[in-house]
Amino acid sequence: MCDCADFCYIEEIDGASKDYCDENNTQYPCVAGKGYYGRGPLQLSWNYNYGPAGKSIGFDGLNNPEIVATDAAVSFKTALWYWMNKVHSIIVSGQGFGETIRAINGALECDGGNANTVNARVEYYQEYCNQLGVAPGDNLYC
């Protein structure tokens with residue numbers, strides 16, 4: 001049983017039913033029969049993330065995206081890769097928790113994409129901050 005609410009999934013719920021292939025991205029083209037849905041601790045998704053993450057970390061992200069869910073080392077390396085390449089600068093610049101949500105889930109959640117999910121994330125974040133005795137800061141919503 002997972003005590004971490006929504007942080008216990010190795011693969012995105014119903015992820016295989018979603019495409020997550022940006023066919024306009026010619027640098028990291030999708031491979032037929034492969035799914036680029038969320039996998040790992042930060043739920044890496046989209047071909048334009050699997051490709052460069054694999055290139056940086058040393059696995060074939062386009063031909064073998066499944067490894068992010070089946071190899072713990074690759075899984076956490078992709079989470080760290082995504083964090084350092086897409087989220088870290090937002091934290092360092094002090095833009096707030098809401099902008100981290102935008103960096104991770106963008107239009108799927110922000111700007112009215114899914115207000116209930118954003119509210120739940122903010123509630124979790126505030127609860128964790130409270131447990132750690134730190135202030136959550138400003139700009140909690142995206």
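Before reading on, note that the structure itself is shown above.
Residues numbered from 1 in each chain as written. Predicted model: local features only at pLDDT ≥ 70, side-chain atom pairs only at ≥ 80, totals over all residues. Heavy atoms only, no water.

**So, the overall build of the protein**
So, point 1. Of regular secondary structure, the protein possesses five helices and zero strands.
So, point 2. Counting from the amino terminus, the protein carries its helices and strands in the arrangement α-α-α-α-α.
So, point 3. The globule rule puts the C-alpha radius of gyration for 142 residues at 14 Å, and the 16 Å found for the protein is close to it.
So, point 4. Dimensions of the protein along its principal axes, counting C-alpha atoms only, are 45 × 35 × 30 Å.
So, point 5. Residues classed as buried in the protein amount to 35% of the 142 residues present.
So, point 6. Summarising the internal contacts of the protein: among those between residues at least 6 apart in sequence, 49% fall at separations of at least 24.
So, point 7. Once the 8 positive and 17 negative side-chain charges of the protein are each reduced to a mean point, those two points are 8 Å apart. (Helix = DSSP H or I, 4+ residues; strand = E, 2+ residues; numbered from the N terminus. Rg over C-alpha atoms; globule rule 2.2 N^0.38 Å. Buried < 20%, exposed > 50% of the residue type's maximum accessible area, 1.4 Å probe, protein only. Contact = heavy atoms within 4.5 Å. Lys, Arg positive; Asp, Glu negative; His and termini not counted. Charge placed at Lys NZ, Arg CZ, Asp CG, Glu CD.)

**Thoughts on the layout of surface pockets**
So, point 1. Here the largest pocket defines a volume of roughly 1,500 Å³.
So, point 2. Lining the largest pocket are 49 residues; nearest its centre among them are Leu-42, Gln-43, Ile-104, Asn-105 and Arg-121.
So, point 3. Residue composition of the lining of the largest pocket, grouped by class: 29 nonpolar, 12 polar and eight charged. (1 Å grid on protein atoms, 1.4 Å probe; cavity = no way out; pocket = protein on both sides within 12 Å on 5 of 7 lines; lining within 4 Å. Points joined across faces, edges and corners; volume = space filled by probe spheres on them. Nonpolar A, V, L, I, M, F, W, Y, C, P; charged D, E, K, R; others polar.)

**Section: the environment of Ser-89**
So, point 1. With respect to the helices and strands, the residue Ser-89 is situated in helix H3 (residues 72–92).
So, point 2. Considered as a pair, Ser-89 and Asn-49 are 40 residues apart in the sequence and their alpha carbons are 17 Å apart.

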